[in-house]
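Examining the three-dimensional arrangement
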Amino acid sequence: MDEMELKYLKGLAKQYPTIAEAATEIINLRSILNLPKGTEHFLSDIHGEYEQFQHVLKNGSGSIRRKIDDEFGNTLSIRDKKSLATLIYYPQEKMERILREEPNIEDWYKITLHRLIQMCKRVSSKYTRSKVRKALPKDFAYIIEEMITEKDEVQDKEAYYNEILNTIISINRAQEFIVALCELIQRLVIDHLHIVGDIFDRGPGAAPIMDILMRYHSVDIQWGNHDILWMGAASGHMACIANVIRICAKYGNLDTLEDDYGINMVPLATFAMETYKNDGCACFGVDYRDGEERDARTAELEKKMHKAIAVIQFKLEGQLILSRPEFEMEGRLLLDKINYEDSSVRIDGTDYHLDDCHFPTVDPSNPYALTEEEAALMEKIRGAFLRCGKLQQHVRFLFLKGSLYKVYNSNLLYHGCVPFDDKGDFKKVRIFGQEYSGKGLYDVLESYARKGYYSKPGTKERKDGQDIMWYIWSNENSPVYGKAKMATFERYFIRDEKIRSERKNDYYELIKQDEIVTRILEEFGLDPEESHIINGHMPVKVKKGEQPVYCNGRLLIIDGGFSRAYQKQTGIAGYTLVYNSYGLRLVAHEPFESTEAAIEKESDIHSDITIVEEVRKRKSVEDTDIGRELEGQIRDLEKLLRAYREGAVLEGDV
């Protein structure tokens, strides 16, 4: 035994100072290895759909309803099962209705508490008592532990358990106890949550989604291009800020900035009303959600704000492209290609008619320069982004829990793609003078993104990192974007569908080949026979016959249109992936009506399940990353035992 190992074992002996304690921990860890693995839940491309996101988490993609069926079988009617499921999802809201309608509330409490305790027993059965204890709500921890560890064969304790419930009811704590039980069931149904990118943009609920994630017991996030955009904006990067505001304006979500983050949009509104007062801004309509209405004056103002920030964005991006020739994005420089005499723009040698050629702030001799008013406006808005405590808190959480990719339990998770060239090789991409490809490209981009947020303001390191965040958002070589161009300008001003198209990287065709999936998995250090790629970003158009599963289940694209903006294209309302001890299940969801309907009508999301992979032998903790960590701890403890018995380390001598 060398000196370093002896020093380590003496440190370990402080935690386990006797043979008995070390041996007990070995026994405990070995038993944990044989428990069923916890359930992992994968969600992608949430895009601000707060209500649907919340519901899918609460129902565990249908897991809670399936466990109700398993627990109660035919002993409960379908109606009672639906009512119990709704109570578990929304305990406070559901009880408010029950209290108004139920004639004998005491009997309802007794029946419901017994059912919820049965459900708690079922969902906690795969965990150690220690892990369940950590999940218990503080106010009722002792009582719940007593109830869910009750042995059915111990008949003489029946009066004891019944009296616990009777007392809870008699002292008016039943409502709080029911809420605690329901939240515990939700908590235990999902052991770990993976968010495979794009929390932000399009829908109005990104901020409350982030609030949920920050409270969640176990979560990781793979950044999508929309997440990176907001991270860049929070760092103070002007082009990222302009993109964030433009997208909020396009989807009628300026309230996200004003109400959720307290970023004042009045300066932009004032500027837009003055600058574009005689402009109908016809090309800048707002994509309001179904059922949303705006009065004519507000709608007109939002169109003007939309155009004002879009023009500012094109200027700021032009400045950035000119200053960063290494980004190779000269094809996006279009303001200097406009012919104002015939309202056209030249793109790749072809002239296209512009539906709108009214740009009062653009100087044709210096088209990418901001006017004094635009510059002052953006400085004011930039300051608001930097001072916004809630936004900074959310973005720091994204950095803390997030990354561009993750390897977890033999699965490779990333939002977009691994860029390939037209020869079928990993594309070599030059970043600040050095070439990277595959995993190396992911690693270097993530490193720069972190520097762009955390490096000292005013340094080259911070500036490079901030520009890279914008690069990750929109460059064709970005693994989380992966398209030949971001055709924002063309989509606003040109009707020709061909020039508006955004050609995808060859990756999206190549992944249909087994050898390509194998190469990607090996590039990230995974066994291609045992591993999967979990992918988001590209909505699977189910209504057109597209499939989410490739190469016999080794690659899954789980973007099925969680965002309402995509549901007309996909034909469904998103996928979730559930990975439990029995295998992988892909769940396709129908559109979610509303939280109100889920509570009032007891309407759940209808979901279709596809079994992607079913294991021959049920997976245990031993088969997971945590299991490998525990095996390492066991080996260390076994060395400590030998050291105790050989006298190299003395019991209690710490």
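About the criteria used
- Here the residue index of a chain counts from 1 through its sequence in written order.
- In view of the model being predicted, local features appear only for residues whose pLDDT reaches at least 70, and side-chain atom pairs are presented and counted only at 80 or more, with totals across whole chains, interfaces and linings using the full set of residues.
- To obtain the side-chain values, all non-hydrogen atoms of the structure were used and water was disregarded.
- Working definition: helices are DSSP H or I runs of at least four residues, strands are E runs of at least two. Numbering for both runs from the N terminus.
- Here the radius of gyration uses the C-alpha set of atoms, whereas the globule reference equals 2.2 Å times the residue count to the power 0.38.
- Partly exposed describes any residue whose relative accessible area lies between the buried limit of under 20% and the exposed limit of over 50%, with all areas from a 1.4 Å probe on protein chains only and scaled to the type maximum.
- A contact between two residues is defined here by any heavy atoms of the two lying within 4.5 Å.
- To measure how exposed things are, a 1.4 Å probe is used in the Shrake-Rupley method; for residues, cover is taken only from the protein chains shown.
- Axis definition: a line fitted to C-alpha atoms, over the contacting stretch in the case of helices. Angles run 0 to 180 degrees between N-to-C directions.
- Working rule for angles: under 35 degrees goes down as roughly parallel, over 145 as roughly antiparallel, 65 to 115 as roughly perpendicular, anything else as oblique.
- Gly counts as polar in this scheme, as do all residues outside two lists: the nonpolar Ala, Val, Leu, Ile, Met, Phe, Trp, Tyr, Cys and Pro, and the charged Asp, Glu, Lys and Arg.
- The nonpolar core is taken to be a set of buried Ala, Val, Leu, Ile, Met, Phe, Trp, Tyr and Cys residues, with the residues joined through side-chain atoms within 4.5 Å.
- Helix crossings get a hand from a simple test, with the near helix turned counterclockwise from the far one by less than a right angle marking a left-handed crossing and a clockwise turn marking a right-handed one.
- If DSSP finds at least two bridges between two strands, the strands pair.
- A crossover counts as right-handed when, viewed with the strands pointing away from the observer, the path leading from the first strand over the helix to the second turns clockwise.

Now for the overall build of the protein. A tally of helices and strands in the protein yields 28 helices and 17 strands. Its C-alpha radius of gyration of 28 Å places the protein within 12% of the 26 Å reference for a compact globule of 654 residues. For the protein, the spread of C-alpha atoms along the three principal axes comes to 95 × 75 × 45 Å. Taking all 654 residues of the protein together, the buried fraction comes to 55%. Across the protein, every contact between residues at least 6 apart in sequence was considered, and the portion connecting residues at least 24 apart equals 72%. Surface accessibility of the protein: about 29500 Å² in total, with carbon and sulfur atoms responsible for 46%.

Moving on: the environment of Glu25. Tracing the backbone shows Glu25 in helix H2 (residues 19–33). Along the backbone, Glu25 and Asn477 are 452 residues apart, and their C-alpha atoms lie at a distance of 49 Å.

Their axes nearest at 10 Å, the elements helix H4 (residues 63–72) and helix H7 (residues 105–124) cross at an angle of 105°. Classified by the angle between their axes, H4 and H7 sit roughly perpendicular to one another. Residues Ile64, Lys67, Ile68, Asp70, Glu71 and Phe72 of H4 touch H7, and the partners they reach there are Arg115, Gln118, Met119, Arg122 and Val123. The class makeup of the residues in the contact of H4 with H7 is 5 nonpolar, 1 polar and 5 charged.

Attention now goes to the nonpolar core. Counting residues in hydrophobic clusters, the biggest one holds 194 residues, and the most contacted among them are Leu213, Tyr507 and Ile520. The element that contributes the greatest number of residues to this core is helix H11 (residues 174–189), accounting for 11 residues. In this view, Leu213 contacts Phe53, Leu193, Ile195, Ile199, Val219, Ile221 and Phe397; residues no more than four positions away in its chain are not counted. The next biggest cluster of nonpolar side chains, apart from the first, holds 18 residues, and it includes Tyr16, Leu33, Leu640 and Leu641.

Attention now moves to the packing of helix H6 (residues 91–101) against H11. When two helices pack together, their arrangement is given by the angle between the helix axes and by the axis-to-axis distance. Put simply, H6 and H11 touch, their axes get as near as 10 Å, and they point 140° apart. Taken together, the axes of H6 and H11 lie oblique to each other. Taken as a pair, H6 and H11 cross one another with a handedness that is right-handed. Here Pro91, Gln92, Met95 and Leu99 of H6 lie close against H11, whose contacting residues are Gln175, Ile178, Val179, Cys182 and Gln186. Of the residues in the contact of H6 with H11, the class split is 6 nonpolar, 3 polar and no charged.

Further remarks concern the pairing of strand E2 (residues 192–195). Burial of the side chains of E2 extends over both faces: His192 and His194 are buried on one face and Leu193 and Ile195 on the other. Examined bridge by bridge, strand E1 (residues 40–43) and E2 share 4 bridges and lie parallel to one another. Residue pairing in the sheet places Glu40 in a bridge with His192 of E2. Bridge count between E2 and strand E3 (residues 219–222): 3 bridges; the pairing is parallel. Along E3, the bridge assignment pairs His194 with Asp220. Taken together, E2, helix H12 (residues 206–215) and E3 form a β-α-β motif whose crossover is right-handed.

Attention now goes to the environment of Met329. Mapped onto the secondary structure, Met329 falls in the loop between helix H17 (296–323) and strand E4 (338–339). Separated by 147 residues in sequence, Met329 and Glu476 place their C-alpha atoms 8.8 Å apart. Beyond its immediate stretch of four places on either side in the chain, Met329 contacts Ile321, Trp470, Ser474 and Asn475.

Now for unusual backbone geometry. Phi at His47 takes a positive value of approximately 50°, unusual for a residue other than glycine. Mapped onto the secondary structure, His47 falls in the loop between E1 and helix H3 (50–59). Positioned with a positive phi, Glu328 is a non-glycine residue whose angle comes to about 55°. Mapped onto the elements, Glu328 comes out in the loop between H17 and E4. For Glu328, a relative accessible area of 62% gives the class exposed.

Taking strand neighbours across the sheet as the criterion, the 3 strands line up as E4-E5-E6 in an open arrangement whose pairing is antiparallel. Where the open sheet ends on each side, the last strands, each with one partner, are E4 and strand E6 (350–353). Sheet topology places E4 next to strand E5 (residues 344–347); 2 bridges connect them, and they run antiparallel. Bridge pairing links Asn339 to Ser344 in E5.

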